Amino acid sequence: MIIEKAHETMTSRERVRRTFAFEKTDRVPIGYDANAAIHQKLCHALGVRPDDMEGLYRALGVDYRPMVAPYIGKPLHKVPENRMVDQMEGCIMRWVPNGSGGYWDFCDFPLQDAEDEDFDAFPVPNPDDCDYDATLAACKHYNENGQFALYVGNAGVPDIINSNGRIMGMEDVLCHLMLEDEAALRFIRRRADFQLNMMERTLDKCKGYIDFVWLGEDLGTQIAPMISLDLYRKTIKPIHKQFIDLATSYGLPAIMHSCGSSSWVYEDLIAMGLRGVDTLQPEAVNMSPAYLTEHFGGRLNFRGCISTAGPLAYGTAEETDRVCRETLEIMMPHRGYHFAPTHAIQDNSPVENVIAMYQAAHTYGLYR
């Protein structure tokens, strides 16, 4: 199989930069996120090795590449038997099989029911233990081989609720935020300070190569906000502002990932200078393409809105093509739209639907 790509008159870097500025481009920028099993199936269908991410990006027409400062310090956490541990976070995962393959799920929360001294003793990486020279080398490689848009950060930065929930358990982190538990908040700030410092050093080392900053914070359930606006403004917003201010100080736009019903906080994000929002689950309350464009079109870039829980997973290729076309028709007139799935494409998605999705981006995502 092959995806017939749109005629392009811009580099990916120019396309993404213009999209963040709400300027006309040749086509919408394209993003990719997928779980492991469907990723392998898609690569097989397109004739690409599963470990060849660059080959897949080029086959799909993906416009941006992540730039990461690799951690080169000593291991900070022991790995229990039959578990996997993220050394940068300290979260523990176990393999959970399902009918489509399986995934690593978070478990054994190391700071659940923790005492004050447990928070203070829990390891957080040192930004000195990241290889910024390797990041610069990667930036130069991509700059010489295709002019792709490059970004730093990801959906887990600073991701206060979700990433700390992976360590404390979701109930604990919400209680700590509500009750303003000083030891827990001190730990949360310590983790955020590491991420901020690492990001600043990456931006400084790679100045002139990076095109935008990617942030994350899961703020919504499917039906309502995760927390109150007052609590957001008191405990989380000041940390978000540090990251947005950092991006602004380097002249870069910032985009923030947030699952679920999140539009309730968008005015605050806009006021802080955030340029875009990611995920945009259309089935969540006040997150449909029509609602988003009516209330925030021309003020925020939108990335996502192609539901991973709709026709892409449960429908046909024709139905997937239709919902992609309809989404593009609503989103594109305001410009500032990045075509992408809402979070990672799930393993139960038929591969022909995934191909139909990306074909739709090239067929209908052209600016005339």
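Just so you know, these numbers come straight off a predicted model, no measurement behind them.

S.K.: Is there a simple way to think about the side chain of Asn 353 in this case?
M.R.: With respect to the helices and strands, Asn 353 occurs in helix H14 (residues 351–364). The exposure class assigned to Asn 353 is buried, which follows from its relative accessible area of 1%. A polar side-chain atom of Asn 353 sits 3.1 Å from the main-chain carbonyl oxygen of Pro 311. Leaving out residues up to four positions away in the same chain, Asn 353 has contacts with Pro 311, Leu 312, Gly 315, Thr 316, Ala 317 and Thr 320.

S.K.: I'm lost on the pattern of salt bridges in this one. Help?
M.R.: Pairing between side chains of opposite charge can happen when their charged atoms approach one another. If you walk through the whole model with that rule in mind, you get 29 salt bridges. The residue Glu 8 makes a salt bridge to Arg 27 at a minimum N-O spacing of 2.9 Å. In this pair, Glu 8 is assigned in the segment before helix H1 (12–20) and Arg 27 in the loop between H1 and helix H2 (36–46), connecting sequence segments 19 residues apart. Looking at Arg 27, the relative accessible area reads 1%, which means it is buried. Where Arg 166 meets Asp 159, a salt bridge forms, and the shortest distance between an N and an O atom there is 3.8 Å. Three or more residues are tied together by salt bridges with common partners; here these are Glu 8, Arg 15, Asp 26, Arg 27 and Asp 63.

S.K.: Honestly, unusual backbone geometry in this entry has me stumped. Any pointers?
M.R.: Glycine aside, a negative phi is what most residues show, and trans is what most peptide bonds show. The amide bond that connects Val 157 to the next residue, Pro 158, takes the cis arrangement and shows omega of -10 degrees. Take Pro 158: it is sitting in strand E5 (residues 149–158). Of note, the phi angle at Glu 180 is positive, near 55 degrees, even though the residue is not glycine. With respect to the helices and strands, the residue Glu 180 is situated in the loop between helix H7 (170–179) and helix H8 (182–205). Backbone geometry at Leu 280 places phi at a positive 55 degrees, although glycine is not the residue there. Secondary-structure assignment places Leu 280 in the loop between strand E8 (276–279) and helix H11 (289–296).

S.K.: Explanation requested: the sheet that holds strand E7 (residues 254–258) in the structure shown.
M.R.: Spatially, E1-E5-E6-E7-E8-E9-E10 is the arrangement adopted by the seven strands of the open sheet, whose pairing is parallel. Both edges of this open sheet fall to strand E1 (64–66) and strand E10 (337–341), since each of them pairs with a single strand only. When strand polarity is set aside, the average angle formed by the axes of neighbouring strands in this sheet is 30 degrees. Direction of pairing for E8 relative to strand E9 (residues 301–306): parallel, over a ladder of four bridges. In the sheet register, Thr 279 faces E9, and the bridge partner there is Gly 304.

S.K.: Mind showing me how you'd approach the sheet that holds strand E4 (residues 101–107) here?
M.R.: Whether parallel or antiparallel, the strands of a sheet pair through hydrogen bonds between backbone atoms. Pairing is antiparallel in the open sheet, where three strands are placed in the order E2-E3-E4. Each end of this open sheet is capped by a strand with a single partner; those strands are strand E2 (84–85) and E4.

S.K.: Sorry, what's going on with the packing of helix H6 (residues 160–168) against H8 here?
M.R.: Angle between the axes and distance between the axes: these two values describe a pair of packed helices. In contact at an axis separation of 11 Å, H6 and H8 are set at 115 degrees when each is read in the N-to-C sense. Along this stretch, H6 crosses H8, giving a crossing that reads as right-handed. Contacts between H6 and H8 involve Ile 160, Ser 163, Asn 164, Ile 167 and Met 168 on the former and, on the latter, Ala 184, Phe 187, Ile 188 and Arg 191. Broken down by class, the residue content of the contact of H6 with H8 amounts to six nonpolar, two polar and one charged.

How each quantity is defined
- Residues numbered from 1 in each chain as written.
- Predicted model: local features only at pLDDT ≥ 70, side-chain atom pairs only at ≥ 80, totals over all residues.
- Heavy atoms only, no water.
- Helix = DSSP H or I, 4+ residues; strand = E, 2+ residues; numbered from the N terminus.
- Buried < 20%, exposed > 50% of the residue type's maximum accessible area, 1.4 Å probe, protein only.
- Polar contact = N/O pair within 3.5 Å; in protein donor to acceptor, adjacent residues only side chain to side chain.
- Contact = heavy atoms within 4.5 Å.
- Salt bridge = Lys/Arg side-chain N within 4 Å of Asp/Glu carboxyl O.
- Pairing = 2+ DSSP bridges.
- Axes fitted to C-alpha atoms, helices over the stretch in contact; angles between N-to-C directions.
- Left-handed = near helix turned anticlockwise from the far one by under 90°.
- Nonpolar A, V, L, I, M, F, W, Y, C, P; charged D, E, K, R; others polar.

These values are about where atoms sit, not about what they do.
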